[in-house]
Amino acid sequence: MSRNSNHYPRRTLASLLLALTLAACGQQEGPAQPAAEEAPQLPRIALVMKSLANEFFTSMADGARAHQAANPGSYELIVNGIRNESDLAQQVALVEQMMATGVDAIVIAPADSKGLLPVARRAVAQGIVVVNIDNRFDREVLADMGVSIPFVGPDNREGARKVGDVLAAALAPGDRVAIIGGIPGAFNAQQRQAGFEDAMRAAGIEVVSIQSADWEQARAATVASAILGENPDLRALLCANDSMALGAVAAVRQAGRADEVLVVGFDNISAANTLVQSGEMLATADQYGDQLAVFGIEYALEILATGQAPQDRNTPVDVVVNGAR
């Protein structure tokens with residue numbers, strides 16, 4: 001091996017060390033580079049609903065997603081729903097999951113007015129803003145727990161009374177009707193039943209049967225069929241939501257009594273609205289389901305921004321009849 005070859009690696013190593021030293025000195029003498037600014041973290045809002053098999057709640061979810069898409073710099077949205085209206089355990093699990101992921105707010109339409117309160121209280125204790133929509137939490141239990149959770153939604157009793165008044169105008173005092181209710185433990189089911197009863201009582205109309213169909217269309221069809229069989233002189237079925245009203249209409253058709261028995265509902269889902277406009281249903285109530293979650297989300301964002309003490313907020317509810325709201 002030549003002399004030049006023996007010295008080449010040493011010269012290369014020395015040159016490399018010198019370059020590294022100069023580079024290090026240059027880094028020390030140069031101005032400090034500012035750290036890149038992190039983008040502000042957006043509030044994370046979880047929407048926890050009841051059954052996504054019910055058009056009312058899919059409409060609610062779609063409305064929430066549309067609102068977030070129109071306000072992408074305001075918040076992030078997580079949408080959850082349960083398999084059916086009465087799956088309380090799954091809804092509790094969804095709330096616990098949202099708590100574990102560290103959301104800033106939970107907007108919830110509870111499957112039960114009491115059963116969701118323990119987990120909702122834990123969420124509040126964790127510093128999460130909780131806003132109740134659609135089905136109001138039980139006020140007495142809330143008070144006993146010492147927890148303040150605002151309700152954003154319509155007056156269900158007043159809405160049902162308005163629908164009942166429309167039905168009463170089409171009937172005569174002494175006529176006989178039946179009520180098909182939702183889940184008995186749900187506050188909105190209780191309030192809608194009370195509103196129907198208020199209207200029937202004021203008009204002198206007899207309520208001969210009150211039965212629950214748990215908000216479900218198929219179950220309502222079965223319940224309505226039994227009621228019709230037991231009451232040949234029945235004049236109307238008052239249903240606490242439109243899914244059950246669809247089942248009632250099917251039962252009335254099956255019994256061949258479409259010209260005798262009137263049906264009213266609550267929610268104004270598209271299938272029910274079509275029946276109202278065709279005359280197969282007399283009326284329903286529109287509580288603007290596509291905006292109901294939005295009302296709750298906007299209030300949650302307001303509470304997060306201001307830290308204000310939460311208060312209940314009423315939202316609109318109107319009657320829908322053939323040709324007009």
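Every value quoted in this text rests on a predicted model; they were computed, and no experiment measured them.

Q: What is the right way to read the overall build of the protein from this model?
A: Scanning the protein for helices and strands turns up 11 helices and 12 strands. Here the protein holds 325 residues, and the buried ones make up 46% of them. For the protein, the share of sequence-separated contacts (at least 6 apart) that also reach a separation of at least 24 residues comes to 73%.

Q: Teacher, can you tell me more about the pattern of salt bridges here?
A: Pairing is possible between side chains of opposite charge, provided their charged atoms come close. The tally for this structure, following the rule as stated, stands at 20 salt bridges. For Arg161, the salt bridge is made with Glu158, and the minimal N-O distance between the two is 2.8 Å. Placement of both Arg161 and Glu158 in helix α6 (residues 156–170) is noted, with a separation of 3 residues, approximately one turn of the helix. Judged by its relative accessible area of 29%, Glu158 falls in the partly exposed class. For Arg201, the salt bridge goes to Asp198, with nearest N and O atoms at 3.3 Å. Of this pair, Arg201 and Asp198 both sit in helix α7 (residues 187–203), separated by 3 residues, roughly a single helical turn.

Q: How should the nonpolar core be read in this particular structure?
A: Ile133, Ile180, Leu237 and Val263 are the most contacted members of the largest nonpolar core, which has 55 residues in total. Contacts of Leu237, omitting those with residues within four sequence positions, involve Ala178, Ile180, Ala224, Ile227, Ala248, Val252, Val261, Leu262, Val263 and Val264. Ala111, Leu117, Val130 and Ile149 belong to the second largest nonpolar core, which has 22 residues in total.

Q: Quick question: what am I supposed to make of the packing of helix α3 (residues 88–100) against helix α4 (residues 117–125) here?
A: Helix-helix packing is characterised by the crossing angle of the two axes and by the distance between the axes. Relative to each other, α3 and α4 sit at 10°, their axes nearing to 10 Å. Relative to α4, the element α3 lies roughly parallel. On the side of α3, the interface is formed by Val92, Val95, Glu96 and Met99, while α4 contributes Val119, Arg122 and Ala123. Of the residues in the contact of α3 with α4, the class split is 5 nonpolar, no polar and 2 charged.

Q: Explain empty space enclosed by the protein here, please?
A: To find the voids left in a structure, one rolls a probe of water-molecule size over its atoms. Summed over the entire model, instances satisfying the criterion amount to 1 cavity of 30 Å³ or more. Roughly 60 Å³ of internal volume is contained in the largest cavity. The wall of the largest cavity is formed by Lys50, Asn54, Phe56, Phe57, Glu85, Asp134, Asn188, Arg192, Trp215, Asn241, Asp267 and Gln287. Elements that contribute at least two residues to the lining of the largest cavity include exactly α2 (55–70) and α7.

Q: Honestly, the confidence of the model for the protein in this entry has me stumped. Any pointers?
A: Should pLDDT be low for a region, the predicted coordinates there are not to be read in detail. Per-residue confidence for the protein averages 89 on the pLDDT scale, and 88% of its residues sit at or above 70. Low pLDDT, under 50, characterises residues 1–36; the predicted model gives this stretch 2 contacts beyond four residues in sequence or across chains.

Q: When you look at the packing of aromatic side chains in this model, what are you seeing that I'm missing?
A: Ring pairs (aromatic) are described by centroid distance and by the angle formed between their planes. According to the stated counting rule, one finds 1 aromatic pair in the structure shown. Taking 5.1 Å as the distance between ring centres and 80° as the angle between the ring planes, the aromatic pair formed by Phe56 and Phe57 counts as edge-to-face. The exposure class assigned to Phe57 is buried, which follows from its relative accessible area of 3%.

Q: So what exactly am I meant to see when it comes to the side chain of Asp242 here?
A: Examined against the element boundaries, Asp242 turns out to sit in helix α9 (residues 242–254). For the buried residue Asp242, which engages in no salt bridge, the nearest side chain bearing the opposite charge is Arg192, 8.0 Å off. A polar contact of 2.9 Å, which involves the side chain of Asp242, links it to the backbone nitrogen of Phe266. There is a polar contact of 2.8 Å between the side chain of Asp242 and the side chain of Thr284.

Q: Is there a simple way to think about the pairing of strand β7 (residues 206–212) in this case?
A: When a strand is regular, its side chains alternate between the sheet's two faces. Summarising the sheet, strand β6 (residues 176–181) and β7 pair through 6 bridges and their orientation is parallel. Note on β7: the bridge partner recorded for Ala178 is Ser209. Read from β6 through α7 to β7, the crossover connection turns out right-handed.

Criteria and thresholds
Residues numbered from 1 in each chain as written. Predicted model: local features only at pLDDT ≥ 70, side-chain atom pairs only at ≥ 80, totals over all residues. Heavy atoms only, no water. Helix = DSSP H or I, 4+ residues; strand = E, 2+ residues; numbered from the N terminus. Buried < 20%, exposed > 50% of the residue type's maximum accessible area, 1.4 Å probe, protein only. Contact = heavy atoms within 4.5 Å. Salt bridge = Lys/Arg side-chain N within 4 Å of Asp/Glu carboxyl O. Core = buried A, V, L, I, M, F, W, Y, C linked by side-chain atoms within 4.5 Å. Axes fitted to C-alpha atoms, helices over the stretch in contact; angles between N-to-C directions. Parallel < 35°, antiparallel > 145°, perpendicular 65-115°, else oblique. Nonpolar A, V, L, I, M, F, W, Y, C, P; charged D, E, K, R; others polar. 1 Å grid on protein atoms, 1.4 Å probe; cavity = no way out; pocket = protein on both sides within 12 Å on 5 of 7 lines; lining within 4 Å. Points joined across faces, edges and corners; volume = space filled by probe spheres on them. pLDDT = per-residue confidence, 0-100. Phe/Tyr/Trp six-rings, centres within 6.5 Å; stacked < 30°, edge-to-face > 60°. Lys, Arg positive; Asp, Glu negative; His and termini not counted. Polar contact = N/O pair within 3.5 Å; in protein donor to acceptor, adjacent residues only side chain to side chain. Pairing = 2+ DSSP bridges. Right-handed = clockwise from strand over helix to strand, strands pointing away.

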